[in-house]
Amino acid sequence: RVPCLDLGRLGDSDDEDGNSYVPYSRSYPHTCPLDSSSDWRTSLQMPHAQHLPSQQCSLLEQKTIPENLPSPTDKYKLKYRQYEADMKEEYRQYSERILEKKKEHLQCPEASIKSTQFEDGHNDDLTALDEKALLQQCYTSKPYNMQHSIRKSEAEDVAAERKKQAVVEQVMVDQLSRAVISDPEQSIRTDVSEEALGHLRLGAAPMRFRKRTLHETKIRTKSGLTENMLSNKLRFDSRIISRNGRDACRELIGFFFACDRSLTVYEFRQFGKNRTNALPFIQKGVYQHQRGQKKGRAYDLSDFYIGANLTFQSIDHNLPKSIKQNPVLTLRVTSIDETAMDFLKASSLEFKQEYSRQMTDDSRVFKKIQGILRETLSKRGVRVVTGLGKYFRRIDKNKNGFLSLADFKEALKVFHLEVPEKDFETLWLTLDDSKSDKVDYGEFTRAVVGEMNEYRKAFVRKAYMKLDFNKTGTVSMVDIRKCYCAKKHPLVLAGKATEEKIKSSFLETLGESCSNPEEVSYSEFEDYYEGLSIGIMDDDDFVNILRNSWGI
């Protein structure tokens, strides 16, 4: 028989105290006024007051505590104090966030100045397209989240170091491995034919289980390099100067070996998420300059620095067809191993940084022309740089990237870029070092307008690689619209513009620079930010634009 449950004998479940549970009795009311020092249990009763009739609400204005109710234990008092402290901390953080947002809304001086300029319309030399392009520079007044940026950059540095280490290991394996020739006589025995017919003699094992020996060869390897000799190397990162998006975004890591002054370049490739590979892009060898004042001279340690150009004959290497279209392959050094460079400089007795008088004069001419045009391009750089690229692509009938002297003069006249005749002749003689009367229009644009430093270029390539995840070399305008973010634009935060307005302005200015309005190539994407970069002096401000726009 199941005994009856006596609720009066039930005690506290946690047994913190020995008191028995006393049920609430309406016959022992005890009231006291409600104040800030009231017991903590009052807060649990008050939320129900809003759902009670008015008569009952008046009764709840006084605190009702039954007699003989045990006092709360230390455990629950501690819990309540922790809960109260957490609520106060959350409210404090919430108040700080609200205050920070209000400050951000008020601190938009650049955006307000630019918006008033656009509304007044006093800039007669600026077109509507220039004004819309300048909207992108407003991001400089809204710095990117520094803490988030530091964490992200540290993770990227770790991943990049792993890539470089994998390439270093692959290079050492490739250079130190020895080709071993298997004895051909082991595969021309009668047992092979007998096994194929299924007629093995008694006691003979199948070929796959037999011991195979290596053929003793007296063929000498090409070099007697050792691991110690190859360790004296300079590692550098490089990129291909190309208008093709797939080629421009290739990840290239090169090595210059001080022992024999040879160099090699490897391409790091990733297949899916986990499979990676490092493949030779430029085979190890001693190479000479193919262009410039050092043409015909072998590369040495002084030729490697950030921004240096390494030139190779495309026909001498097993390269993709898109790269072989240009007879000269140009690699731009984007970074070097400074520690290895310092060590090699100290140990090298022949290191000498050479700057000929002719090279200095050429550099001075480039800077003079760029200085003349910088003031003109500071406000309309996007329209001019993208317009030049679009104009050159249209008049390039052969589609090889080379144009004549008359074509370049006409382009400068069309875009109202005035260059002194003497400086232009000096510029042409410098660029046309092969005396073919034709120059690559990409080199001409970089010489006249200038170009971003490699730090900025790296972020532009990173943004494009994020958009071109299939590595086709072009990105559709639909994907551009999906990925572009205007939420952190100062005008949007200040309530002076909508996200759609900022996004439409960007898409319109970018679309004007494209030959095909439905898609964007890498060269067109790079030209856009090349023009935008002219009016921004600080590197961090420029990087903020890309980070806030594309989330990189």
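Bear in mind that the values here come from a model prediction, so they are computed numbers and not experimental data.

### Brief notes about the nonpolar core
Judged by nonpolar contacts, the single largest core of 37 residues is most densely connected at I480, I502, F506, F525, Y529, L546 and W550. Among the elements of the structure, α16 (454-467), α17 (477-483), α18 (490-493), α19 (499-512), α20 (522-534) and α21 (539-550) are those that each provide at least two residues to this core. Counting 27 residues, the second largest nonpolar core, distinct from the first, contains Y391, L417, V419 and Y441.

### Some remarks on α20
The first and last C-alpha atoms of α20 sit 19 Å apart over 13 residues, in line with the 18 Å expected at 1.5 Å per residue. Summarising burial for α20: 13 of the 13 residues are buried, a large majority.

### Let's talk about the side chain of D468
You can see D468 is positioned in the loop between α16 and β11 (474-476). Salt bridges are absent for the buried D468, whose nearest opposite-charge side chain, R246, sits at 6.8 Å. Those residues within four positions of D468 in sequence are excluded, and the remaining contacts are G473, T474 and V475.

### Observations concerning the packing of helix α14 (residues 421-431) against helix α15 (residues 441-449)
Running from N to C, α14 and α15 cross one another at 140°; their axes reach a closest spacing of 11 Å. Considering the angle they form, α14 stands oblique to α15. Here α14 runs over α15; the crossing is right-handed. Packed against α14, whose contacting residues are F424, L427 and L431, the element α15 presents E443, F444, A447 and V448 at the interface.

### A short note on the packing of aromatic side chains
Here the structure, examined in full by the defined rule, presents 24 aromatic pairs. Summarising the aromatic geometry, the rings of F256 and F304 are spaced 4.9 Å apart at their centres and angled 40° between planes, so their arrangement reads as tilted. Pair noted here: F256 is in strand β4 (residues 251-257) and F304 is in the loop between β6 (275-285) and β7 (309-313), with a separation of 48 residues, a long-range link. Taken as a pair, F256 and F304 share a single burial class, namely buried. With a centroid separation of 5.2 Å and an interplanar angle of 80°, the aromatic rings of Y528 and Y529 are classed as edge-to-face. Across the pair, exposure class does not vary: Y528 and Y529 are buried alike. Through a chain of ring-to-ring contacts, three or more aromatic side chains come together here, namely Y464, Y484, F506, Y522, F525, Y528, Y529, F542 and W550. Lying over the aromatic face of Y76, K75 brings its terminal NZ or CZ to 5.9 Å of the ring centre. Stacked on the ring of F459, the Lys or Arg K462 has its end atom at 4.8 Å from the ring centre.

### Topic: a nonpolar patch on the surface
A contiguous nonpolar patch, built from Y91, Y94 and I98 and spanning about 340 Å² of accessible area, is present on the exposed surface. Looking at where Y94 falls in the secondary structure, it is placed in helix α3 (residues 74-106). Judged by relative accessible area, which is 45%, Y94 ranks as partly exposed.

### Notes on the environment of L373
Mapping L373 onto the fold places it in helix α12 (residues 357-395). In this structure the C-alpha to C-alpha distance between L373 and V449, which are 76 residues apart in sequence, comes to 7.1 Å. Excluding anything up to four places from it in sequence, L373 contacts L417, E418, V419 and V448.

### A short note on the confidence of the model for the protein chain
Across the protein chain, the average pLDDT comes to 76, with 70% of residues at or above 70. Confidence over residues 178-188 falls short of pLDDT 50; this stretch has 17 contacts with residues more than four positions distant or in other chains. pLDDT under 50 marks residues 214-221. Its contacts with residues more than four places away, or in other chains, come to 7 contacts.

### Some remarks on the packing of helix α13 (residues 405-414) against α14
Their axes nearest at 12 Å, the elements α13 and α14 cross at an angle of 140°. On the basis of the axis angle, α13 is oblique to α14. α14 is crossed by α13, and the crossing has right-handed handedness. Where α13 approaches α14, its residues L405, F408, K409 and L412 are matched on the opposing element by E421, F424 and W428. Among the residues forming the contact of α13 with α14, the class breakdown is 5 nonpolar, no polar and 2 charged.

Rules and cut-offs
- For every chain, the first residue of its written sequence is number 1, and the numbers climb from 1 along that sequence.
- Restriction of local features to residues with pLDDT of at least 70 applies here, the model being predicted, together with a cutoff of 80 or more for giving and counting side-chain atom pairs; totals for whole chains, interfaces and linings are based on all residues.
- Note: side-chain values were computed over all heavy atoms of the structure, leaving out hydrogens and water.
- Put simply, a nonpolar core is a bunch of buried Ala, Val, Leu, Ile, Met, Phe, Trp, Tyr and Cys residues held in one set by side-chain atoms that sit within 4.5 Å of each other.
- Exposure classes here rest on a 1.4 Å probe applied to the protein chains alone. A residue is buried below 20% of its type maximum, exposed above 50%, and partly exposed in between.
- Strands here mean DSSP runs of E at least two residues long; helices mean DSSP runs of H or I at least four residues long; both are numbered from the N terminus.
- Here the expected span of a helix is defined as 1.5 Å times the quantity of residues minus one.
- We treat Lys and Arg as the positive residues and Asp and Glu as the negative residues; His and chain ends play no part in the count.
- We count a salt bridge whenever a side-chain nitrogen from Lys or Arg sits within 4 Å of a carboxyl oxygen from Asp or Glu.
- Whether two residues are in contact is decided by their heavy atoms: any pair within 4.5 Å suffices.
- Fitted lines through C-alpha atoms serve as axes, helices being fitted only where they are in contact, and the angles separating the N-to-C directions of these axes extend from 0 to 180 degrees.
- Note on angle classes: values under 35 degrees are labelled roughly parallel, values over 145 roughly antiparallel, values of 65 to 115 roughly perpendicular, and the remainder oblique.
- When the near helix sits turned anticlockwise from the far one by under a right angle, the crossing is termed left-handed; a clockwise turn instead gives a right-handed crossing.
- Two aromatic rings from Phe, Tyr or Trp, using only the six-membered ring of Trp, form a pair when their centres are within 6.5 Å; if the ring planes differ by under 30 degrees the pair is stacked, by over 60 it is edge-to-face, and anything between is tilted.
- A ring is scored as having a charge over it whenever the NZ atom of a lysine or the CZ atom of an arginine sits within 6 Å of its centre and within 35 degrees of its normal.
- Patch membership needs two things, relative accessible area over 30% and no salt bridge, and members are linked within 9 Å if like-charged or within 5 Å if nonpolar (Val, Leu, Ile, Met, Phe, Trp, Tyr).
- A 1.4 Å probe and the Shrake-Rupley method give the accessible areas. Residues count as covered only by the protein chains that appear here.
- One confidence number per residue, pLDDT, is output by the predictor and ranges from 0 to 100.
- In this count, Pro and Cys sit with the nonpolar residues alongside Ala, Val, Leu, Ile, Met, Phe, Trp and Tyr, while Asp, Glu, Lys and Arg are called charged and the others, Gly among them, polar.

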